[in-house]
Amino acid sequence: MNAHTPPRRRRLAGASALVAAGVLTALTVPSAALAAEGDTTIDLYNVNDFHGRIAQSISKDSAGAPAPRDGDAAGAATLAGALEQLRGADPSTSAFVSSGDNIGGSTFESFIQDDQPTIDVLNQMDLSVSAIGNHELDKGQDDLRDRVIGGQGEGVRAAQWDYVSANILDSATGEPAFQPYSIQEISGKRVGFIGATVDLVGQGLVAPDGIAGLEMGDITTEVNKVAAQLTDGDTANDEADVLVLLVHDGAESPAEVAPGDDSDFARAVHGVTPKVSAILSAHTHQTYAYSVVPTGGTVARPVIQTGSYGFNLGHVELTVAADGTVTAATPENLRLVDGTYTPDPAVQTTVDAAVQEADRLGAVELGTVDRDLQRAVQSNGSENRGGESTLGNFVAEVQRDQTQRQGSQIAFMNPGGLRADIASGAVTYKEAAVVQPFANTLVVLDLTGDQIRRALEQQWQPSTASRPFLKLGVSEGFSYTYDPLATAGERITGMTLDGDPIASDRTYKVTVNSFLATGGDNFAAFKDAAAKQDSGTVDLEAQVQYFRAHPTVAVQEDQRAVGVRVSEAPAGGFGPGDDVRIDLSSLTFSNAADQGGTVSVSAGGQELASAEVDTTVVDTTDEQGRATLAFTVPGTPAADTEPTAVPTAAARAAAPTATTDQPLVLTLPNGQTVTLAVTVPVETAVEPEPGTGEPTDPGTPGPGLPGSGDTDGDGSAGGADGAGTGVVDADRPDAARGDLAFTGADLVFPGIAAGVLLLAGAVALVLARRKRAVEDGPVLTD
């Protein structure tokens, strides 16, 4: 048996020859009832992504009547009652199994007690075997082995089921690091459950430090190895009559995966040996049940996923003929949230006790919020980890605020670390805790501006990732712009901190949680930090302390990232008569009301175009809030130029006319402004220089001009170091954030005069923020 895996107490656990030689004696059980003479029926009931949803949570309509929807939880007691009813008086003809993520990402009732209540209720339901999901490793491999499986620790009751994965490998040996399979006796047949796990490393789904020494094998390859071993006829090894794959990976939609799909899951569906008679999947929280004939096979096998949280119970019926041939009925998902099944009293008692303890621990009121703090949503109302959210930005600001002692200037928050919303009004400890249930510590990194840019580029995930885009929450004062259609590595077009451009070679103090700090979610730029300082503060503790310092929170709804694409300018820049098109996106949140309205573009105070904002939600990304602005640069081209030629900026500035080159300024419906590093000539009043009566050079800010970055009057725009970047000083105290109102004019000159916003030849923007003072300090206004 695997040296890392203790023997199970009630089951026949598969000990793979891939790990150690040896033979196990089969557990003797009564003969199964036969569906027909010579045939044996095996019923499999399964869940996936239960995530500690032990208490019932069912949506209601406007009248208060139950109106279940995907994402609701039937509760452990109802799940147990359904299993009792469906499995009947002879449970030996069936099994209850899971495809992983039983624990982790749990609701407060389970989370606050280290998921012990979830382990307890699944033990009561006689769970037989489960794949290892990524959330089983939230606290690292040692916690899974020693506490969850091994039962070590005061008051800990171990899982009584087998945890299996064939493709989590020991880096040193290449062998499975956990039990790769488990054999269960069902209806008198030896059923081999082979486990597999989504690519933890390639997709960055768990903190790398927690899985140090492990590597991921290809699901199809590793499963086929184990399947061959279990059916090779060698009596020195375990043999199975039936093979079932429990895989913690799944399809991105309910549609049947096509053979040409290059995802790991699609390759497994079609490429895992036909000896495997059913595939029970997970991870993507999708609901599907269909059958597929695998490559090289002749019999269709079921492929099923139940959604998540115990909303459905999966059912797969297999029939083993006298000659050993295995066939399957059409798989089905049985709905648990509509009152069909009677809750089990014993399991309900366990749940009630857990809820009572959680209520005691979580009843403390921390503070209030003036409106809902929400995650981004898809068009169907489900969570969208690709969208900017008020909750993500708020949590990032909390973490920046709580690491100021370490010098933090900027903070980022991964969307997958946000597991619940916060409703307006009073916020309790429980409500705060369920938002971030992973107990990550906050880490302050030394990152250059270029490393920050690379981290933002990594929001666009690798093609192998389960989600194409992950939107980082951003703390107050930091803004960036991007071109959604640019090539990889060139999408981020501008970044500012408190209105000052970020310098690529300057070092900033950046706070992230410990998951991101080690490269989680494919954010490798954070892992490359020159220095890391673990604050020792857990994310939940930071939120509690923030509410104590700021008991009344005004939720901010400014956009901290805006997408923009400007039509290509002629040689010498835009001039009179030129047509300009600006395509905008990410102007609104996906779940906040009253965001519609008009966006406009102006130059020198003259409005050039306006358009209504389309607030239609765009799934998987942050592109909702779109608009197109088109206008012709006012004025008449100079008569002494060729019709196609455009006067240069210098020529226009020197001409005896009242025109100057002015940046384009966008005004969003909420009053927020965005200044583009693109200019057009417009008529403006020329003011004389004080004391001379002569006009100043309109393209050069004078000493101390707001936004110029010239604090000492020497015109360097770089303060004492004379760098000319206009970047906030790394040693600047937080008080310097102050109550300054950053306007469009404040941000023009660093972008134009210093010339630091043109990155990779793309158009850059800076976002202007208005700040106001409240009882506990400066916050952002709408």
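Residues numbered from 1 in each chain as written. Predicted model: local features only at pLDDT ≥ 70, side-chain atom pairs only at ≥ 80, totals over all residues. Heavy atoms only, no water.

Draft legend 1. Region of the structure containing the overall build of the protein. Along its length, the protein carries 15 helices and 36 strands. When burial is assessed residue by residue, the protein has 55% of its 782 residues classed as buried. When contacts within the protein are restricted to residue pairs at least 6 apart in sequence, long-range pairs at least 24 apart make up 72% of them. (Helix = DSSP H or I, 4+ residues; strand = E, 2+ residues; numbered from the N terminus. Buried < 20%, exposed > 50% of the residue type's maximum accessible area, 1.4 Å probe, protein only. Contact = heavy atoms within 4.5 Å.)

Draft legend 2. The arrangement of the confidence of the model for the protein in detail. Taken over all residues, the pLDDT of the protein has a mean of 83, while the share at 70 or more is 80%. In this model, residues 1–34 is a region of pLDDT below 50 whose contacts with residues beyond four sequence positions or in other chains number 89 contacts. In the predicted structure, residues 692–766 sits below a pLDDT of 50 and forms 152 contacts with residues beyond four places in sequence or in another chain. (pLDDT = per-residue confidence, 0-100.)

Draft legend 3. Just the side chain of Glu457, in detail. With respect to the helices, strands and loops of the structure, Glu457 is situated in helix α10 (residues 449–457). It turns out Glu457 is buried and unbridged, and the closest side chain with the opposite charge, Arg453, is 4.1 Å from it. Those residues in contact with Glu457 that lie beyond four places of it in its chain are Ala488, Gly489, Glu490, Arg491 and Ile492. (Lys, Arg positive; Asp, Glu negative; His and termini not counted. Salt bridge = Lys/Arg side-chain N within 4 Å of Asp/Glu carboxyl O.)

Draft legend 4. Structural context of the environment of Ser165. Locating Ser165 in the fold gives a position in the loop between β4 (162–164) and β5 (168–170). Through-space distance from the C-alpha of Ser165 to that of Pro176 is 7.4 Å; in sequence the pair is eleven residues apart. Contact partners of Ser165, with chain neighbours within four places excluded, come to Ile132, Pro176, Phe178, Gln179, Pro180, Gly195, Ala196 and Thr197. Of note is the side chain of Ser165, whose polar atom sits 2.8 Å from the side chain of Thr197. (Polar contact = N/O pair within 3.5 Å; in protein donor to acceptor, adjacent residues only side chain to side chain.)

Draft legend 5. Just unusual backbone geometry, in detail. Its identity as a non-glycine residue notwithstanding, Asp114 has a phi of 55 degrees, on the positive side. Mapped onto the elements, Asp114 comes out in the loop between α2 (108–111) and α3 (116–124). A relative accessible area of 40% places Asp114 in the partly exposed class.

Draft legend 6. Main features of the nonpolar core. Membership of the largest hydrophobic core comes to 43 residues, with the highest contact counts inside it found for Leu79, Phe96, Met125, Leu137, Ile168 and Leu313. Elements represented by at least two residues in this core include exactly β1 (40–47), α1 (76–87), α3, α4 (141–149), β8 (214–216) and α7 (345–362). Element by element, the count of residues in this core is highest for α1, at six residues. Counting residues in hydrophobic clusters, the runner-up holds 30 residues, among them Ile410, Tyr482, Ile492 and Leu516. (Core = buried A, V, L, I, M, F, W, Y, C linked by side-chain atoms within 4.5 Å.)

Draft legend 7. Expanded view of the packing of aromatic side chains. In this structure the tally under the stated criterion is 14 aromatic pairs. Summarising the aromatic geometry, the rings of Phe412 and Phe526 are spaced 6.0 Å apart at their centres and angled 35 degrees between planes, so their arrangement reads as tilted. Separated by 114 residues along the polypeptide, Phe412 in strand β17 (residues 410–413) and Phe526 in helix α12 (residues 524–527) bring together distant segments of the chain. Between Tyr546 and Phe547, the aromatic rings sit 6.5 Å apart at their centres with planes inclined by 80 degrees, giving edge-to-face as the arrangement. Phe547 gets classed as buried once you look at its relative accessible area, which sits at 0%. Put simply, the rings of Phe412, Phe478, Tyr480, Phe523 and Phe526 touch in pairs and so form one group of aromatic residues. Residue placement shows Arg53 over the ring face of Tyr309; its charged tip is 3.9 Å from the ring centre. The aromatic ring of Phe178 is capped on one face by Arg145, whose charged end is 4.4 Å from the ring centroid. (Phe/Tyr/Trp six-rings, centres within 6.5 Å; stacked < 30°, edge-to-face > 60°. Lys NZ or Arg CZ within 6 Å of the ring centre and 35° of its normal.)

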